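Geometric and topological summary
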Amino acid sequence: KQEVTQIPAALSVPEGENLVLNCSFTDSAIYNLQWFRQDPGKGLTSLLLIQSSQREQTSGRLNASLDKSSGRSTLYIAASQPGDSATYLCAHYGGSQGNLIFGKGTKLSVKP
Amino acid sequence: DAGITQSPRYKITETGRQVTLMCHQTWSHSYMFWYRQDLGHGLRLIYYSAAADITDKGEVPDGYVVSRSKTENFPLTLESATRSQTSVYFCASTDRVSVTEAFFGQGTRLTVV
(Lines give C-alpha, C1' and ligand atoms only; values in the text may rest on other atoms or scores of the structure.)
Protein backbone atom coordinates (compact mmCIF):
# COMPACT_ATOMS: atom_id res chain seq x y z
CA LYS A 1 0.00 0.00 0.00
CA GLN A 2 1.33 3.42 -0.95
CA GLU A 3 1.86 5.69 2.02
CA VAL A 4 2.89 9.27 2.59
CA THR A 5 4.34 10.27 5.94
CA GLN A 6 4.90 13.77 7.25
CA ILE A 7 7.12 14.44 10.22
CA PRO A 8 6.76 16.24 12.52
CA ALA A 9 2.99 16.31 13.01
CA ALA A 10 3.28 19.72 14.62
CA LEU A 11 5.94 22.40 14.72
CA SER A 12 6.18 25.70 16.57
CA VAL A 13 8.84 28.24 15.66
CA PRO A 14 9.55 31.92 16.37
CA GLU A 15 8.96 34.44 13.63
CA GLY A 16 11.87 34.90 11.23
CA GLU A 17 13.18 31.37 11.49
CA ASN A 18 13.91 29.30 8.40
CA LEU A 19 12.29 25.88 8.59
CA VAL A 20 11.97 22.59 6.76
CA LEU A 21 8.93 20.35 6.56
CA ASN A 22 9.49 16.74 5.62
CA CYS A 23 7.48 14.35 3.48
CA SER A 24 8.38 10.74 2.74
CA PHE A 25 6.67 8.33 0.40
CA THR A 26 6.93 4.63 -0.31
CA ASP A 27 6.42 4.71 -4.10
CA SER A 28 9.66 5.69 -5.85
CA ALA A 29 7.87 5.73 -9.21
CA ILE A 30 5.72 8.76 -8.48
CA TYR A 31 4.87 11.15 -11.33
CA ASN A 32 4.92 14.32 -9.29
CA LEU A 33 4.43 15.68 -5.81
CA GLN A 34 2.28 18.57 -4.70
CA TRP A 35 2.43 20.66 -1.54
CA PHE A 36 -0.72 22.23 -0.14
CA ARG A 37 -1.56 24.63 2.62
CA GLN A 38 -4.74 24.32 4.68
CA ASP A 39 -5.94 27.03 7.02
CA PRO A 40 -8.38 26.08 9.81
CA GLY A 41 -11.86 25.53 8.42
CA LYS A 42 -10.69 26.19 4.89
CA GLY A 43 -9.94 24.22 1.76
CA LEU A 44 -6.59 23.18 0.41
CA THR A 45 -4.51 25.74 -1.43
CA SER A 46 -1.93 24.46 -3.87
CA LEU A 47 1.55 25.81 -3.11
CA LEU A 48 3.95 23.97 -5.39
CA LEU A 49 3.89 21.11 -7.86
CA ILE A 50 7.15 19.28 -8.57
CA GLN A 51 7.24 17.08 -11.62
CA SER A 52 9.16 13.81 -11.37
CA SER A 53 11.74 15.18 -13.81
CA GLN A 54 12.42 18.19 -11.59
CA ARG A 55 14.51 18.30 -8.46
CA GLU A 56 13.01 21.44 -6.98
CA GLN A 57 10.48 24.20 -7.40
CA THR A 58 10.40 27.70 -5.94
CA SER A 59 7.65 30.20 -5.24
CA GLY A 60 8.53 33.28 -3.24
CA ARG A 61 9.81 32.22 0.18
CA LEU A 62 8.93 28.60 -0.49
CA ASN A 63 11.23 26.00 -2.00
CA ALA A 64 10.26 22.38 -2.45
CA SER A 65 12.66 19.61 -3.36
CA LEU A 66 12.03 16.10 -4.58
CA ASP A 67 14.32 13.07 -4.34
CA LYS A 68 12.53 10.09 -5.82
CA SER A 69 15.37 7.67 -5.15
CA SER A 70 15.17 8.24 -1.42
CA GLY A 71 11.41 8.74 -1.37
CA ARG A 72 11.61 12.19 0.17
CA SER A 73 10.43 15.72 -0.40
CA THR A 74 11.07 18.79 1.69
CA LEU A 75 9.34 22.14 1.85
CA TYR A 76 11.66 24.94 2.90
CA ILE A 77 10.08 28.13 4.24
CA ALA A 78 12.42 31.09 4.52
CA ALA A 79 12.00 33.87 7.06
CA SER A 80 8.79 32.48 8.50
CA GLN A 81 5.92 34.82 9.39
CA PRO A 82 2.85 34.42 11.63
CA GLY A 83 0.77 34.33 8.45
CA ASP A 84 2.51 31.09 7.51
CA SER A 85 0.74 29.35 10.38
CA ALA A 86 -1.34 26.57 8.83
CA THR A 87 -1.30 22.86 8.17
CA TYR A 88 0.95 21.81 5.29
CA LEU A 89 0.11 18.69 3.34
CA CYS A 90 2.09 16.82 0.73
CA ALA A 91 0.54 14.45 -1.78
CA HIS A 92 1.43 12.55 -4.90
CA TYR A 93 -0.48 10.88 -7.66
CA GLY A 94 -0.14 7.19 -7.33
CA GLY A 95 -3.53 5.71 -6.84
CA SER A 96 -4.93 3.48 -9.53
CA GLN A 97 -7.65 6.05 -10.05
CA GLY A 98 -5.19 8.84 -10.55
CA ASN A 99 -6.07 10.37 -7.22
CA LEU A 100 -3.73 12.09 -4.83
CA ILE A 101 -2.39 10.14 -1.87
CA PHE A 102 -1.98 12.47 1.08
CA GLY A 103 0.14 12.65 4.16
CA LYS A 104 -1.60 13.67 7.37
CA GLY A 105 0.09 17.02 7.42
CA THR A 106 2.36 19.13 9.57
CA LYS A 107 0.65 21.80 11.65
CA LEU A 108 2.91 24.84 11.71
CA SER A 109 2.63 27.63 14.24
CA VAL A 110 4.81 30.71 13.81
CA LYS A 111 4.95 32.81 16.97
CA PRO A 112 5.33 36.62 16.72
CA ASP B 1 -16.07 33.42 -10.71
CA ALA B 2 -13.39 31.08 -11.96
CA GLY B 3 -12.50 28.14 -9.81
CA ILE B 4 -14.10 25.29 -7.99
CA THR B 5 -17.00 25.91 -5.64
CA GLN B 6 -18.85 23.69 -3.24
CA SER B 7 -22.27 24.13 -1.74
CA PRO B 8 -23.49 24.22 0.89
CA ARG B 9 -20.51 25.16 3.07
CA TYR B 10 -22.22 23.80 6.18
CA LYS B 11 -25.01 21.26 6.53
CA ILE B 12 -26.72 19.58 9.45
CA THR B 13 -28.94 16.65 8.62
CA GLU B 14 -30.67 13.85 10.44
CA THR B 15 -29.78 10.18 10.32
CA GLY B 16 -31.53 8.44 7.44
CA ARG B 17 -32.07 11.53 5.30
CA GLN B 18 -30.73 11.91 1.80
CA VAL B 19 -28.40 14.83 1.26
CA THR B 20 -26.57 16.08 -1.83
CA LEU B 21 -23.35 18.04 -1.83
CA MET B 22 -22.68 20.10 -4.92
CA CYS B 23 -19.41 20.76 -6.72
CA HIS B 24 -18.93 23.05 -9.71
CA GLN B 25 -15.75 23.91 -11.59
CA THR B 26 -15.29 26.48 -14.32
CA TRP B 27 -12.09 25.22 -15.94
CA SER B 28 -13.60 22.29 -17.87
CA HIS B 29 -11.14 19.98 -16.14
CA SER B 30 -11.63 16.37 -17.13
CA TYR B 31 -11.01 14.84 -13.72
CA MET B 32 -13.01 15.49 -10.58
CA PHE B 33 -12.74 13.91 -7.16
CA TRP B 34 -14.55 13.73 -3.86
CA TYR B 35 -12.54 13.34 -0.66
CA ARG B 36 -13.51 13.26 2.97
CA GLN B 37 -11.25 14.55 5.70
CA ASP B 38 -11.39 13.11 9.19
CA LEU B 39 -9.12 13.45 12.20
CA GLY B 40 -6.70 10.57 12.30
CA HIS B 41 -7.45 9.47 8.75
CA GLY B 42 -6.43 12.45 6.68
CA LEU B 43 -7.96 12.81 3.23
CA ARG B 44 -9.54 9.73 1.69
CA LEU B 45 -10.95 9.35 -1.80
CA ILE B 46 -14.67 8.60 -2.02
CA TYR B 47 -15.34 8.71 -5.77
CA TYR B 48 -13.71 10.11 -8.83
CA SER B 49 -14.68 10.89 -12.41
CA ALA B 50 -12.44 10.90 -15.47
CA ALA B 51 -15.01 12.62 -17.70
CA ALA B 52 -18.72 13.22 -18.04
CA ASP B 53 -20.63 9.97 -17.51
CA ILE B 54 -17.49 8.16 -16.27
CA THR B 55 -17.27 7.61 -12.55
CA ASP B 56 -15.61 5.06 -10.30
CA LYS B 57 -15.23 4.16 -6.66
CA GLY B 58 -12.40 5.27 -4.46
CA GLU B 59 -11.21 4.05 -1.08
CA VAL B 60 -14.41 4.71 0.94
CA PRO B 61 -17.44 4.68 -1.42
CA ASP B 62 -20.03 2.88 0.71
CA GLY B 63 -23.15 4.93 1.35
CA TYR B 64 -22.36 7.48 -1.37
CA VAL B 65 -23.56 7.95 -4.93
CA VAL B 66 -22.18 10.28 -7.59
CA SER B 67 -23.17 11.39 -11.06
CA ARG B 68 -21.57 13.52 -13.72
CA SER B 69 -23.91 14.45 -16.53
CA LYS B 70 -21.98 17.66 -17.27
CA THR B 71 -18.22 18.17 -17.20
CA GLU B 72 -18.45 21.07 -14.75
CA ASN B 73 -20.63 19.45 -12.10
CA PHE B 74 -19.96 16.50 -9.83
CA PRO B 75 -22.59 16.11 -7.09
CA LEU B 76 -22.15 13.70 -4.20
CA THR B 77 -25.25 12.14 -2.63
CA LEU B 78 -25.49 10.43 0.72
CA GLU B 79 -28.40 8.09 0.17
CA SER B 80 -29.27 7.57 3.84
CA ALA B 81 -27.00 9.60 6.06
CA THR B 82 -25.32 7.97 9.05
CA ARG B 83 -23.40 9.54 11.93
CA SER B 84 -20.19 8.01 10.61
CA GLN B 85 -20.57 10.24 7.56
CA THR B 86 -20.10 13.34 9.68
CA SER B 87 -17.01 14.82 8.09
CA VAL B 88 -15.58 17.59 5.96
CA TYR B 89 -16.01 16.87 2.27
CA PHE B 90 -13.73 18.28 -0.40
CA CYS B 91 -14.19 18.33 -4.12
CA ALA B 92 -11.15 18.61 -6.39
CA SER B 93 -10.40 18.83 -10.08
CA THR B 94 -7.44 18.55 -12.38
CA ASP B 95 -6.95 18.63 -16.13
CA ARG B 96 -4.41 15.84 -16.58
CA VAL B 97 -3.89 13.35 -13.81
CA SER B 98 -0.26 12.98 -12.76
CA VAL B 99 0.76 16.04 -14.76
CA THR B 100 -1.13 19.14 -13.67
CA GLU B 101 -2.00 20.65 -10.34
CA ALA B 102 -5.10 19.60 -8.49
CA PHE B 103 -7.35 22.34 -7.16
CA PHE B 104 -9.69 21.99 -4.23
CA GLY B 105 -12.95 23.57 -3.23
CA GLN B 106 -13.47 25.21 0.16
CA GLY B 107 -15.15 22.14 1.60
CA THR B 108 -18.54 21.24 3.03
CA ARG B 109 -18.76 20.53 6.73
CA LEU B 110 -21.50 17.94 7.17
CA THR B 111 -22.91 16.96 10.53
CA VAL B 112 -25.29 14.03 10.81
CA VAL B 113 -27.31 14.02 14.04
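The structure under discussion appears in the preceding block.
Residues numbered from 1 in each chain as written. Chains lettered and ligands numbered in written order. Predicted model: local features only at pLDDT ≥ 70, side-chain atom pairs only at ≥ 80, totals over all residues. Heavy atoms only, no water.

So, the packing of aromatic side chains
- The final tally for this structure, using the stated rule, is nine aromatic pairs over all chains.
- Here A:Phe102 and B:Phe104 contribute two aromatic rings whose centre-to-centre distance is 5.9 Å and whose plane-to-plane angle is 80°, an arrangement assigned as edge-to-face. Remark: B:Phe104 occurs in strand 10 (residues 103–104) and A:Phe102 occurs in strand 10 (residues 100–102); the pair is interchain, linking two chains. Neither residue differs from the other here; A:Phe102 and B:Phe104 are each classed as buried.
- A connected cluster of aromatic rings, assembled from ring pairs, spans A:Phe36, A:Phe102, B:Phe33, B:Tyr35, B:Tyr48 and B:Phe104. (Phe/Tyr/Trp six-rings, centres within 6.5 Å; stacked < 30°, edge-to-face > 60°. Helix = DSSP H or I, 4+ residues; strand = E, 2+ residues; numbered from the N terminus. Buried < 20%, exposed > 50% of the residue type's maximum accessible area, 1.4 Å probe, protein only.)

A look at the pairing of strand 5 (residues 44–51) of chain A
All names here are of chain A.
- When you tally the buried positions in strand 5, you get six out of eight residues, the bulk of the element.
- As judged from the seven bridges shared by strand 4 (residues 32–38) and strand 5, these two strands associate in the antiparallel manner. Counterpart to Trp35 in the pairing with strand 5 is Leu48. (Pairing = 2+ DSSP bridges.)

Considerations on unusual backbone geometry
- Residues A:Ile7 and A:Pro8 are joined by a peptide bond in cis, for which omega reads 0°.
- Within the secondary structure layout, A:Pro8 lies in the loop between strand 1 (4–7) and strand 2 (10–14).
- For the peptide bond that leads from B:Ser7 to B:Pro8, omega is -5°, which places it in the cis range.
- Of note in this structure, A:Ala79 is not a glycine but carries a positive phi near 45°.
- Position of A:Ala79 among the secondary structure elements: in the loop between strand 8 (72–77) and strand 9 (86–93).

Focus on the side chain of A:Gln6
Residue and element names in this part refer to chain A.
- Of note, Gln6 is situated in strand 1.
- A polar atom in the side chain of Gln6 sits 2.9 Å from the backbone oxygen of Tyr88.
- In terms of polar contacts, Gln6 uses its side chain to reach the backbone amide nitrogen of Cys90, at 3.1 Å.
- Sequence-distant contacts of Gln6, defined by excluding residues within four places in its chain, comprise Asn22, Cys23, Trp35, Tyr88, Leu89, Cys90, Gly103, Lys104, Gly105 and Thr106. (Polar contact = N/O pair within 3.5 Å; in protein donor to acceptor, adjacent residues only side chain to side chain. Contact = heavy atoms within 4.5 Å.)

Structural notes on the environment of B:Thr15
Residues and elements named next belong to chain B.
- Residue placement: Thr15 occurs in the loop between strand 2 (10–13) and strand 3 (19–25).
- Owing to a relative accessible area of 43%, Thr15 belongs among the partly exposed residues under this scheme.
- C-alpha separation for the pair Thr15 and Phe90, spaced 75 residues apart in sequence, amounts to 21 Å.
- In this structure Thr15 touches Ala81, Arg83, Val112 and Val113, once residues within four positions along its chain are discounted.

Brief notes about the layout of surface pockets
- When its volume is computed, the largest pocket comes out at roughly 680 Å³.
- Looking at the largest pocket, it is lined by 29 residues, and the ones nearest its centre are A:Gln38, A:Thr87, B:Gln37, B:Asp38 and B:Leu39.
- Elements represented by at least two residues in the lining of the largest pocket include exactly strand 9 and strand 11 (106–111) of chain A together with strand 4 (31–38), strand 9 (87–94) and strand 11 (108–112) of chain B.
- Grouping the constituent residues of the lining of the largest pocket by class yields nine nonpolar, 13 polar and seven charged. (1 Å grid on protein atoms, 1.4 Å probe; cavity = no way out; pocket = protein on both sides within 12 Å on 5 of 7 lines; lining within 4 Å. Points joined across faces, edges and corners; volume = space filled by probe spheres on them. Nonpolar A, V, L, I, M, F, W, Y, C, P; charged D, E, K, R; others polar.)

A closer look at the pairing of strand 7 (residues 62–67) of chain A
Residues and elements named next belong to chain A.
- Residues of strand 7 alternate between two faces, with Leu62, Ala64 and Leu66 buried on one and Asn63, Ser65 and Asp67 left unburied on the opposite face.
- Relative to strand 7, strand 6 (residues 56–59) runs antiparallel, the two being bridged by four bridges. Bridging from a neighbouring strand, Glu56 pairs with Ser65 of strand 7.
- With six bridges connecting them, strand 7 and strand 8 associate as antiparallel partners. Looking at the pairing, Asn63 lines up with Tyr76 of strand 8.
- Taking the residues between adjacent antiparallel strands as the criterion, strand 7 and strand 8 are bridged by four residues, where Gly71 takes a positive phi near 70°.

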